[in-house]
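In case you want the letters, here they are:
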Amino acid sequence: MEENQPKTGKFALTYGLILGGISVIFALMLFSMDIHYQRGIPVMIVSLILFLAAIIIAMVQFKKANNGYMSFAEGLKIGVGVCLIGGIIGIFFNQIMANVIDPEMMAKALAYQKDQLMQTTALTPDQIDAQLEMGKKFSTPTMQILFGLIFSLFIGFIFSLIPALVLKRQENLN
């Protein structure tokens, strides 16, 4: 009689939903402090830690459910799936944030970026304006969604490599 093997998709979906929910809570926290448009290095670090934690927890739970076994490929599937699901939720919420909750978010982000560039670079105001105009082409909702999905898949793949290698344990088929 064959045992029921746990499905990687179930774990990717479950922990992807958890990651998405935590990401939404984090975004709301940033919004409540009125820094949701700044997207600095500390925010990126916290976000990446959340992605990595969700991947590792999902892999460990899968391995527990699979009698201590997980292949490298299963680990990669889980990690990329977690990031894809969490990323989709985060991207969707970001669109709600930018278009419904705070329609001025993009204008605030551009003003903040301009201020930062004025303080940290030797660019002239005209050069800064030209640079920001170029950046506007990449901040349309379509481009945000596209880059967000690519980023989620890339981070999912990169952040899954080491945990999948460390946690993998193949069954002996002798």
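Preceding this section is the structure that the text describes.
No experiment lies behind these values; they were computed from the predicted model shown.

### Overview of the overall build of the protein chain
So, point 1. Along the protein chain, the regular secondary structure elements total six helices and zero strands.
So, point 2. Across its three principal directions, the C-alpha atoms of the protein chain cover 70 × 30 × 25 Å.
So, point 3. By the burial criterion, 34% of the 174 residues in the protein chain qualify as buried.
So, point 4. The long-range fraction of contacts in the protein chain, counting pairs at least 24 apart against all pairs at least 6 apart in sequence, stands at 76%.
So, point 5. For the protein chain, the accessible area works out to roughly 10,800 Å², and carbon and sulfur atoms hold 68% of it.
So, point 6. Of the side chains in the protein chain, 12 bear a positive and 11 a negative charge, and the two mean positions are spaced by 10 Å.

### Structural notes on the environment of Met-105
So, point 1. Its place among the elements puts Met-105 in helix H4 (residues 105-120).
So, point 2. Residues Met-105 and Thr-124 lie 19 residues apart in sequence; the distance between their C-alpha atoms is 25 Å.
So, point 3. In this structure, Met-105 is in contact with His-36, Tyr-37, Asn-94, Met-97 and Ala-98, ignoring residues within four places of it in sequence.

### Looking at the packing of helix H3 (residues 72-101) against helix H6 (residues 141-167)
The relative placement of two packed helices is expressed as an angle between their axes plus a distance between the axes.
So, point 1. Two elements in contact, H3 and H6, have axes whose closest approach is 7 Å; the angle formed by their N-to-C orientations is 150°. By the criterion of interaxial angle, the relationship of H3 to H6 is roughly antiparallel. In the crossing of H3 with H6, the sense of the turn from one axis to the other is right-handed.
So, point 2. Along the lines of polarity and charge, the residues of the contact of H3 with H6 split into 16 nonpolar, ten polar and no charged.

### Some words on unusual backbone geometry
So, point 1. Of note, the phi angle at Asp-34 is positive, near 55°, even though the residue is not glycine.
So, point 2. Tracing the chain through its elements places Asp-34 in the loop between helix H1 (8-32) and helix H2 (41-65).
So, point 3. Positive phi outside glycine occurs at Asn-67, with the angle close to 55°.
So, point 4. Along the polypeptide, Asn-67 turns up in the loop between H2 and H3.

### Things to note about the packing of aromatic side chains
So, point 1. All told, the structure shown has one aromatic pair when counted by the stated rule.
So, point 2. Here Phe-11 and Phe-62 contribute two aromatic rings whose centre-to-centre distance is 5.4 Å and whose plane-to-plane angle is 90°, an arrangement assigned as edge-to-face. Here Phe-11 is found in helix H1, whereas its partner Phe-62 is found in helix H2, with 51 residues between them in sequence. Taken as a pair, Phe-11 and Phe-62 share a single burial class, namely buried.

### Focus: H4
So, point 1. Taking 1.5 Å of rise per residue, 16 residues should cover 22 Å, and H4 covers 22 Å from first to last C-alpha, within 8% of that figure.
So, point 2. The complete set of buried residues in H4 reads Met-105, Ala-109 and Leu-117. The arc that holds the buried residues of H4, viewed along the axis, is 100°, so those residues lie on one side.
So, point 3. Contacts made by the buried residues of H4 are with H3 and helix H5 (125-136).

### Looking at the pattern of salt bridges
So, point 1. If you walk through the whole model with that rule in mind, you get two salt bridges.
So, point 2. With a shortest N-O distance of 3.6 Å, Lys-108 and Asp-34 are connected by a salt bridge. One end of the pair, Lys-108, is in helix H4; the other, Asp-34, is in the loop between H1 and H2, and 74 residues separate them in sequence.
So, point 3. Lys-108 gets classed as partly exposed once you look at its relative accessible area, which sits at 29%.

Rules used in this analysis
- Residues numbered from 1 in each chain as written.
- Predicted model: local features only at pLDDT ≥ 70, side-chain atom pairs only at ≥ 80, totals over all residues.
- Heavy atoms only, no water.
- Helix = DSSP H or I, 4+ residues; strand = E, 2+ residues; numbered from the N terminus.
- Buried < 20%, exposed > 50% of the residue type's maximum accessible area, 1.4 Å probe, protein only.
- Contact = heavy atoms within 4.5 Å.
- Areas by Shrake-Rupley, 256 points an atom, 1.4 Å probe, with all protein chains shown as cover.
- Lys, Arg positive; Asp, Glu negative; His and termini not counted.
- Charge placed at Lys NZ, Arg CZ, Asp CG, Glu CD.
- Axes fitted to C-alpha atoms, helices over the stretch in contact; angles between N-to-C directions.
- Parallel < 35°, antiparallel > 145°, perpendicular 65-115°, else oblique.
- Left-handed = near helix turned anticlockwise from the far one by under 90°.
- Nonpolar A, V, L, I, M, F, W, Y, C, P; charged D, E, K, R; others polar.
- Phe/Tyr/Trp six-rings, centres within 6.5 Å; stacked < 30°, edge-to-face > 60°.
- Expected span 1.5 Å × (residues − 1).
- Arc of directions from axis to C-beta.
- Salt bridge = Lys/Arg side-chain N within 4 Å of Asp/Glu carboxyl O.

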